[in-house]
Amino acid sequence: MKLSNNTRLEVRELTKIFVSGRRKITAVDQVSFEIHEREIVSLVGQSGSGKTTIAHMILNLLKSTSGSIIFDGKDIKDIKKKIYWRNVQGIFQDPFSSFNQFFVVKKVLRDSFKILDKSFNNEEKDKIIIKALESVNIDPGDVLEKYPFELSGGQMQRIMIARIFIIKPKLLIADEPTSMIDSILRANILKLFEKLREKQGTSIMFITHDIGLAYYVSDRIFIMHRGKIVEAGSAEQVIMNPNHTYTKGLIEDVPTLHKEWILTKRS
Ligand SMILES: Nc1ncnc2c1ncn2[C@@H]1O[C@H](COP(=O)(O)OP(=O)(O)O)[C@@H](O)[C@H]1O
Ligand SMILES: [Mg+2]
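Residues numbered from 1 in each chain as written. Chains lettered and ligands numbered in written order. Predicted model: local features only at pLDDT ≥ 70, side-chain atom pairs only at ≥ 80, totals over all residues. Heavy atoms only, no water.

## Remarks on the overall build of the protein chain
Okay, so step 1: When its secondary structure is counted, the protein chain shows eleven helices and ten strands.
Okay, so step 2: Taken over the C-alpha trace, the protein chain has a radius of gyration of 18 Å; the compact-globule value for 267 residues is 18 Å, and the two agree within 12%.
Okay, so step 3: Restricting to contacts in the protein chain with at least 6 residues of sequence separation, those with at least 24 account for 70%.
Okay, so step 4: As displayed, the protein chain offers around 13200 Å² of accessible surface, 49% of which is attributable to carbon and sulfur atoms. (Helix = DSSP H or I, 4+ residues; strand = E, 2+ residues; numbered from the N terminus. Rg over C-alpha atoms; globule rule 2.2 N^0.38 Å. Contact = heavy atoms within 4.5 Å. Areas by Shrake-Rupley, 256 points an atom, 1.4 Å probe, with all protein chains shown as cover.)

## Remarks on the environment of I229
Okay, so step 1: Its location among the elements puts I229 in strand β10 (residues 228-234).
Okay, so step 2: Judged by its relative accessible area of 23%, I229 is partly exposed.
Okay, so step 3: Residues I229 and D139 lie 90 residues apart in sequence; the distance between their C-alpha atoms is 41 Å.
Okay, so step 4: In this structure, I229 is in contact with V31, S32, F33, L43, F222, I223 and M224, ignoring residues within four places of it in sequence. (Buried < 20%, exposed > 50% of the residue type's maximum accessible area, 1.4 Å probe, protein only.)

## Focus: the site of ligand 1
Okay, so step 1: The immediate surroundings of ligand 1 are formed by F18, I25, A27, Q46, S47, G48, S49, G50, K51, T52 and T53.
Okay, so step 2: Note that an oxygen atom of ligand 1 is positioned 2.6 Å from one of the backbone N or O atoms of G48.
Okay, so step 3: When ligand 1 sits alone it has 570 Å² of accessible area, and the protein chains cover 60% of it.
Okay, so step 4: The leading source of residues in the shell around ligand 1 is helix α1 (residues 51-58), at three residues.
Okay, so step 5: Its residues assigned to classes, the shell around ligand 1 comprises three nonpolar, seven polar and one charged. (Near = heavy atom within 4 Å. Polar contact = N/O pair within 3.5 Å; in protein donor to acceptor, adjacent residues only side chain to side chain. Nonpolar A, V, L, I, M, F, W, Y, C, P; charged D, E, K, R; others polar.)

## Remarks on the packing of helix α6 (residues 153-167) against helix α7 (residues 183-200)
The description of two helices packed together rests on the angle between their axes and the distance between the axes.
Okay, so step 1: It is at 11 Å that the axes of α6 and α7 come closest, and there the two elements cross at 10°. Overall, the two elements α6 and α7 adopt an arrangement that is roughly parallel. Here α6 contributes G154, Q157, R158, I161, I164 and F165 to the contact with α7, which in turn contributes I189, L192, F193, K195, L196, K199 and Q200. (Axes fitted to C-alpha atoms, helices over the stretch in contact; angles between N-to-C directions. Parallel < 35°, antiparallel > 145°, perpendicular 65-115°, else oblique.)

## Observations regarding the packing of aromatic side chains
Okay, so step 1: Considering all chains together, one arrives at five aromatic pairs under this definition.
Okay, so step 2: Measuring from centroid to centroid gives 6.1 Å for Y147 and F149, while their planes differ by 10°, and the two rings are stacked.
Okay, so step 3: Of the residues examined, Y147 reaches a relative accessible area of 33% and is grouped as partly exposed.
Okay, so step 4: Cation over ring: K107 sits above F103, and NZ or CZ is 4.8 Å from the ring centre. (Phe/Tyr/Trp six-rings, centres within 6.5 Å; stacked < 30°, edge-to-face > 60°. Lys NZ or Arg CZ within 6 Å of the ring centre and 35° of its normal.)

## What about the pairing of strand β1 (residues 7-20)?
Okay, so step 1: Relative to strand β2 (residues 23-36), β1 runs antiparallel, the two being bridged by ten bridges. Its bridge partner being in β2, I17 is matched across the sheet by T26.
Okay, so step 2: Count of turn residues in the β1/β2 antiparallel hairpin: two residues, of which G21 carries a positive phi of about 65°.
Okay, so step 3: Sheet analysis places β1 next to strand β4 (residues 66-71), joined by five bridges and oriented antiparallel. Counterpart to R12 in the pairing with β4 is S68. (Pairing = 2+ DSSP bridges.)

## A closer look at the packing of helix α4 (residues 122-135) against α6
Okay, so step 1: At a minimum axis distance of 8 Å, the contact between α4 and α6 shows a crossing angle of 125°. With respect to α6, the element α4 is oriented oblique. For α4 against α6, the interelement crossing comes out right-handed. On α6, the residues touching I128, I129, A132, L133 and S135 of α4 are I159, A162, F165 and I166.
Okay, so step 2: A per-class count over the contact of α4 with α6 returns eight nonpolar, one polar and no charged. (Left-handed = near helix turned anticlockwise from the far one by under 90°.)

Here is the structure:
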């Protein structure tokens, strides 16, 4: 697929040092990369490598120690949060924690319209909600009147993605969104990312510790190790011809199932 070269997000020498007492942890160390319009990139690394810290800084939930984040040509420090979050949204590992447990799905999804600058009445909202649920292959009748605890992790994760179909951000940061879902459903979630990109032109940063999943879904892969990006390139390049020993180790750990995916994508 042909990619646009317009830069959506640019991260420049981004650093985060956590200070707790006398201890300093450099969670993110001088990281630079860009994400283009309609591009799906994966940030891959083992637990503790700094992935979530980067996600939180890009989502403007956490301040950087130094460096900058430029969205559509503007430093995010100079963009009002409400406007920024209309454009840049996140989904996380545990969809239940992002949901109010006391609200039914209909209420949660109606509330997601609050961030938009246009106002809708409930009837208009519900039409859009139903379309969004259908986009993520959920029968609205199955979920609209249910509370989160009545739904499975896979359903909840798809409802989180339905929210993204409603808000239509330009950039989605998805931080290990499939790690609580079994492997068959995982592929379906990843297909929804492709659909978001196709239908809405969304740029997506997919964060995972699984380089097989990263290969399956992304145009480019960034490998993170101890706070630094140690390797970056097209998905094919990184998987078929890795440069860094750390990347080679990650590839050796890919389970068989994903090796089949790799073959599928190649053919
Ligand atoms: N709020 C925090 N305070 C102190 N250290 C933190 C905090 N958040 C993350 N860290 C540390 O920063 C490093 C990177 O963490 P994280 O970004 O969560 O990695 P990943 O998402 O790749 O597992 C880890 O050493 C972690 O313990
Ligand atoms: Mg994390």
